[in-house]
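# Structure at a glance
Residues per chain are reported as follows:
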Amino acid sequence: MGALIWLASYPKSGNTWLRTFLHNLLRDAQEPVPLEKLTDFCLGESWLSWIEPHAKKPLATLTEPEIARLRPLGQADMTKAFHDSVFVKTHNHLGQWHGVPLHNMDVTAGGIYVVRNPLDVAISAHHHFNATLDKMISIMARPMASSPLTDKLMPEVYSSWSAHVKSWTERPAPQLLVLRYEDLLADPAKHFGVVAGFLGLQPSPERLHRAVRNSSFEVLKAQEQREGFRERPEHADSFFREGRAEQWREVLTPEQVRRIIADHHVQMARFGYIPDDYKDAVPYGTGVTATTS
């Protein structure tokens, strides 16, 4: 049995990129690992199948409080999936849902959290969730935003973008590595090297650069075009769409930019996400109800 290592992020913030890098690195793959093999390496926290053995009635009839109570039991079962540490993808904020922790810390070894500029998250998420930009901006400010229960997935409880980021990053700990998506883009070898070191790995430069290359956006996009990707929403043309920073300058209106900054000013300031030309958008400490929720 192995303890859980959470690979955490708000949706559309680089979680899949992190997972593919780690998969290629740990397998020392000479060629890019097929996307369909991702679940062989990293478990999905929201899979309903984890709580099914503990449910005493059909999954479709479970209430949210019942799912919340079963979730820690399913996470304890995840530790049996591999002998070593078990990587688990999560988009949940680090908090409670119906009075129950969303992450079972009794079986947790640590985590890696990726944060991305919400100005770009809004664009990527609006394509992924098939929502208008204005609606996505509203969802990102919603205190208890979540995904719906489906026949295969439990709700993922995001909270607002600010509350999500704050929950994972406000208490620094040796067991938690926090990364900025933009830093990974700017110097992937350096910052993915930090990831390897955090996990106690010492890959050769050749192995590290090969894993970075095999998980690059261009390679992932080409793989999806050839093989498909099970995580692509049915309405979307592709899962891997742009994969770059500063898209917001081409897409968002000044009003939308100011709205996002007003909703998330404190956390955006913490991570250097407030653009120089919008420094006067709101005085520091105002317009941040989503941040403190």
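Residues numbered from 1 in each chain as written. Predicted model: local features only at pLDDT ≥ 70, side-chain atom pairs only at ≥ 80, totals over all residues. Heavy atoms only, no water.

### Considering the overall build of the protein chain
A count of helices and strands for the protein chain gives twelve helices and seven strands. Taking 2.2 N^0.38 as the reference for a compact globule, 293 residues should give roughly 19 Å; the C-alpha atoms of the protein chain span a radius of gyration of 19 Å, in line with that estimate. Seen through its C-alpha atoms, the protein chain measures out along the principal axes to roughly 50 × 50 × 40 Å. In the protein chain, buried positions account for 54% of the 293 residues. Counting contacts in the protein chain only where the partners sit at least 6 residues apart, residues at least 24 apart contribute 72% of the total. Accessible area of the protein chain: about 13,600 Å², with a carbon and sulfur share of 52%. The centroid of the 32 positive side-chain charges in the protein chain is displaced by 2 Å from the centroid of its 34 negative side-chain charges. (Helix = DSSP H or I, 4+ residues; strand = E, 2+ residues; numbered from the N terminus. Rg over C-alpha atoms; globule rule 2.2 N^0.38 Å. Buried < 20%, exposed > 50% of the residue type's maximum accessible area, 1.4 Å probe, protein only. Contact = heavy atoms within 4.5 Å. Areas by Shrake-Rupley, 256 points an atom, 1.4 Å probe, with all protein chains shown as cover. Lys, Arg positive; Asp, Glu negative; His and termini not counted. Charge placed at Lys NZ, Arg CZ, Asp CG, Glu CD.)

### Side note on helix 5 (residues 133–140)
When helix 5 is considered as a whole, its buried residues turn out to be Leu133, Met136, Ile137, Ile139 and Met140. Taken end-on, helix 5 shows its buried residues confined to a sector of 160 degrees, consistent with a single buried face. At its buried positions, helix 5 is contacted by helix 4 (118–128), helix 6 (161–169), helix 11 (248–251) and helix 12 (254–270). (Arc of directions from axis to C-beta.)

### Remarks on the confidence of the model for the protein chain
Mean pLDDT over the protein chain stands at 89; residues scoring 70 or higher make up 90%. Every residue in residues 284–293 scores below 50 in pLDDT, and together they form 31 contacts with partners more than four places removed in sequence or on other chains. (pLDDT = per-residue confidence, 0-100.)

### Let's talk about the pattern of salt bridges
Summed over all chains, the structure comprises eleven salt bridges. Between Asp28 and Arg207 there is a salt bridge whose closest N-O contact spans 3.6 Å. Residue Asp28 is found in the loop between helix 1 (15–27) and helix 2 (38–41), and its partner Arg207 is found in helix 9 (residues 205–214); the two are separated by 179 residues along the sequence. Ionic pairing is found between Arg210 and Asp28, a salt bridge with its closest N-O pair at 2.5 Å. Separated by 182 residues along the polypeptide, Arg210 in helix 9 and Asp28 in the loop between helix 1 and helix 2 bring together distant segments of the chain. For Asp28, a relative accessible area of 29% puts it in the partly exposed group. Sharing partners across several salt bridges, the network here consists of Asp28, Glu206, Arg207 and Arg210. (Salt bridge = Lys/Arg side-chain N within 4 Å of Asp/Glu carboxyl O.)

### Some words on the nonpolar core
Counting residues in each nonpolar core, the largest one holds 39 residues, and the members touching the most others are Trp161, Leu252 and Met268. Contributing elements (two or more residues each) for this core: strand 1 (4–9), strand 3 (86–90), strand 6 (108–115), helix 4, helix 5, helix 6 and helix 12. Excluding residues that lie within four positions of it along the chain, Leu252 makes contacts with Leu119, Ile123, Leu133, Val257 and Ile260. (Core = buried A, V, L, I, M, F, W, Y, C linked by side-chain atoms within 4.5 Å.)

### A look at the packing of helix 5 against helix 12
The contact between helix 5 and helix 12 brings their axes to 10 Å, and the two run at 10 degrees. Viewed along their axes, helix 5 and helix 12 adopt a mutual orientation that is roughly parallel. Only Gln256, Arg259, Ile260, Asp263 and His264 of helix 12 make contact with helix 5, whose side of the interface consists of Leu133, Asp134, Ile137, Ser138 and Met140. Residues of the contact of helix 5 with helix 12, tallied by class, amount to four nonpolar, three polar and three charged. (Axes fitted to C-alpha atoms, helices over the stretch in contact; angles between N-to-C directions. Parallel < 35°, antiparallel > 145°, perpendicular 65-115°, else oblique. Nonpolar A, V, L, I, M, F, W, Y, C, P; charged D, E, K, R; others polar.)

### Points about the packing of helix 1 against helix 8 (residues 188–198)
Across the interface, helix 1 lies against helix 8 with an axial gap of 11 Å and an inter-helix angle of 65 degrees. As far as their axial angle goes, helix 8 and helix 1 are roughly perpendicular. Both helix 1 and helix 8 take part in a crossing whose hand is right-handed. The residues of helix 8 that touch helix 1, namely those facing Trp17, Leu18, Phe21, Leu22 and Leu25, are Phe192, Val195 and Ala196. Here the residues of the contact of helix 1 with helix 8 are counted per class, giving eight nonpolar, no polar and no charged. (Left-handed = near helix turned anticlockwise from the far one by under 90°.)

### Some thoughts on the environment of Gln175
Of note, Gln175 is situated in the loop between helix 6 and strand 7 (176–180). We classify Gln175 as partly exposed; its relative accessible area is 43%. Residues Gln175 and Arg210 lie 35 residues apart in sequence; the distance between their C-alpha atoms is 26 Å.

### Observations concerning the pairing of strand 3
The element strand 3 is extensively covered by neighbouring structure, given that five of its five residues are classed as buried. Of the two faces of strand 3, the one lined by Val86, Val88 and Thr90 and the one lined by Phe87 and Lys89 are each fully buried. Pairing of strand 1 with strand 3, which is carried by five bridges, proceeds in the parallel orientation. Bridged to Ala8 within strand 3 is Thr90. Relative to strand 3, strand 2 (residues 42–44) runs parallel, the two being bridged by three bridges. Along strand 3, the bridge assignment pairs Leu43 with Val88. The β-α-β motif built from strand 2, the intervening helix 3 (residues 64–78) and the parallel element strand 3 has right-handed crossover chirality. (Pairing = 2+ DSSP bridges. Right-handed = clockwise from strand over helix to strand, strands pointing away.)

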